[in-house]
Amino acid sequence: MDITPEIQQAEAAALKAIMKARKQADATFTQDRIADLCGWSGQSAVSQYANGKIPLNIPALLKFAQVLKFEPAEVSPRLDRMLRVRQEAAADMEYKLGGGASQASHSTQEHAAIYPIEVWDDETPLGPDEVELPFYKEVELSAGKGSEVMLETGGRKLRFGRRSLQRKGVEPSAAACAAVTGNSMEPVLPDGSTVGIDTGCKQVQDGKMYALDHAGQLRIKLLYRLPGGGLRVRSYNEAEHPDERYEGDYVADQIRIIGKVFWYSVLL
């Protein structure tokens, strides 16, 4: 998912030019209308993509392409190449599983983005290069003590390739997953997205994404360090969820950094 600032700005400029041309042809194509057609709450997401404040991803690119009527490669050759690789992988998998070429083609069209994970249970055998990652969830405590974020035991799991984790420098024993709820991280992480967390990486790097136990609430946020051990907590959906600032004493008492997000999956 790494992208250079130059590529990020070039993609944003290409998207902005298409948006400008579309509005010249039809004055009703404002940022608000584009956001509505993309299924996002408010024009903030459109503005951030068009101005290069957040990098494009495949789901966002496909939504823009559908709404603004352009080919993905016109804006992001980078993501277009990734999309084609995933489409070919999906088609090849369908064919190998016995679906045949026609079924593979249909599957590729229906699932533009494919992710190498699937939900499974304890009875599904592990492959030789696979590990199972548990999920974090909010758990209500007894005696009116509120809630706490804990690992599920015997619950949902995702399977990952060991080599995929190794490429990211993540120890399998330190990896876990969490589900994203709400719209605070839209459009990058819509409600229902899944993230992978490296619990061995809790040192805050400014602008990176982390999973938090915030007074018993599971949150996925961008973090920035403040003097005295404080934190600035940022959401992608800044219009509805402005930055939060917490002093060091509050952080020590109320915020536990679970780990750094190293992967995410978004369903279209």
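Here the structure is shown first, and the text comes after it.
Summary of the structure given here. Quick caveat: nothing in here was measured; it's all calculated off a predicted structure. Just so you know, the residues in each chain are numbered from 1, in the order the chain's sequence is written. Given that the model is predicted, a residue must reach a pLDDT of at least 70 before its local features are reported, and side-chain atom pairs must reach 80 or more before they are shown or counted; all residues, however, enter totals for whole chains, interfaces and linings. Just so you know, side-chain values use all the structure's heavy atoms and leave hydrogens and water out.

Now for the nonpolar core. Residues belong to a common nonpolar core when they are buried Ala, Val, Leu, Ile, Met, Phe, Trp, Tyr or Cys residues joined through side-chain atoms within 4.5 Å. In this scheme, a residue with accessible area under 20% of its type's maximum is buried, one over 50% is exposed, and one in between is partly exposed, where area comes from a 1.4 Å probe on protein chains only. Residues Phe 64, Leu 68 and Leu 189 are the most contacted members of the largest nonpolar core, which totals 47 residues. A run of H or I in DSSP counts as a helix once it spans at least four residues, and a run of E counts as a strand once it spans at least two, with each numbered from the N terminus. It is helix 4 (residues 58–68) that provides the largest number of residues to this core, a total of eight residues. Pairs of residues are marked as contacts when any of their non-hydrogen atoms sit within 4.5 Å. Residues contacting Leu 189, with those up to four places away along its chain left out, are Val 180, Val 195, Met 209, Ile 220, Tyr 264 and Val 266. Within the second largest apolar cluster, eleven residues are counted, among which are Val 131, Leu 133, Leu 158 and Leu 165.

So, about the packing of aromatic side chains. We call Phe, Tyr and Trp rings a pair once their centres come within 6.5 Å, taking the six-membered ring for Trp, and we label the pair stacked below 30 degrees between planes, edge-to-face above 60, and tilted otherwise. Overall, the coordinates contain six aromatic pairs when judged by the stated rule. Look at Tyr 49 and Phe 64: their rings are 5.7 Å apart centre to centre, the planes differ by 90°, and that puts the pair in the edge-to-face class. On the criterion of sequence distance, the pair formed by Tyr 49 in helix 3 (residues 44–50) and Phe 64 in helix 4 is long-range, its members being 15 residues apart. A network of ring pairs unites the aromatic residues Trp 40, Tyr 49 and Phe 64 as a single cluster. The lysine or arginine in question, Arg 156, covers the ring of Phe 135, its NZ or CZ lying 4.2 Å from the ring centre. The ring of Tyr 224 has Arg 232 sitting right over it, with the charged end atom 4.2 Å from the ring centre. We call a charge positioned over a ring when the NZ of a Lys or the CZ of an Arg lies within 6 Å of the ring centre and within 35 degrees of the ring normal.

We now examine the packing of helix 1 (residues 5–25) against helix 4. In the contact formed by helix 1 and helix 4, the axes pass within 11 Å of each other and the chain directions differ by 20°. By the angle between their axes, helix 1 is roughly parallel relative to helix 4. In this structure, helix 1 crosses over helix 4, and the sense of that crossing is left-handed. Between helix 1 and helix 4, the residues in contact are Leu 15, Ile 18, Met 19 and Arg 22 and Phe 64, Val 67 and Leu 68, respectively. Structural elements are reduced to axes, namely lines fitted to C-alpha atoms, with helices fitted over the stretch in contact, and the angle between N-to-C directions of any two is expressed from 0 to 180 degrees. For classification, angles of less than 35 degrees are called roughly parallel, those exceeding 145 degrees roughly antiparallel, those between 65 and 115 degrees roughly perpendicular, and all remaining angles oblique. Definitions for this section: a left-handed crossing has its near helix turned counterclockwise from the far helix by less than a right angle. A right-handed crossing has that turn clockwise.

Take the environment of Glu 186 next. Relative to the assigned elements, Glu 186 resides in the loop between strand 6 (175–179) and strand 7 (194–198). By relative accessible area, Glu 186 is classed as buried at 14%. For the pair Glu 186 and Ser 235, spaced 49 residues apart in sequence, the C-alpha separation works out to 8.3 Å. The contact partners of Glu 186, leaving out residues within four places of it in the chain, are Trp 40, Ser 41, Asp 191, Tyr 236 and Asn 237.

Once that is clear, we can look at the sheet that holds strand 8 (residues 208–214). Strand order in the open sheet made by the seven strands is 6-7-12-8-9-10-11, with antiparallel pairing throughout. Both outer strands of the open sheet, strand 6 and strand 11 (244–246), are each paired with one neighbouring strand and no more. Here the average twist between neighbouring strands, direction ignored, is 45°. Strands pair, by our definition, only if DSSP identifies at least two bridges between them.

Attention shifts here to the pattern of salt bridges. Basic side-chain nitrogens of Lys or Arg form a salt bridge, by our definition, when they fall within 4 Å of a carboxyl oxygen of Asp or Glu. Counted according to the given criterion, the structure contains ten salt bridges. Across the pair Asp 206 and Arg 225 runs a salt bridge whose closest N-O atoms are separated by 3.4 Å. Of this pair, Asp 206 sits in the loop between strand 7 and strand 8 while Arg 225 sits in strand 9 (residues 217–226), placing them 19 residues apart in sequence. A relative accessible area of 40% means that Asp 206 is categorised as partly exposed. With a closest N to O distance of 3.2 Å, Asp 213 and Arg 256 form a salt bridge. Pair noted here: Asp 213 is in strand 8 and Arg 256 is in strand 12 (residues 255–265), with a separation of 43 residues, a long-range link. Judged by relative accessible area, which is 7%, Asp 213 ranks as buried. Among the charged side chains, a network of salt bridges with common partners joins Arg 232, Arg 234, Glu 238 and Asp 243.

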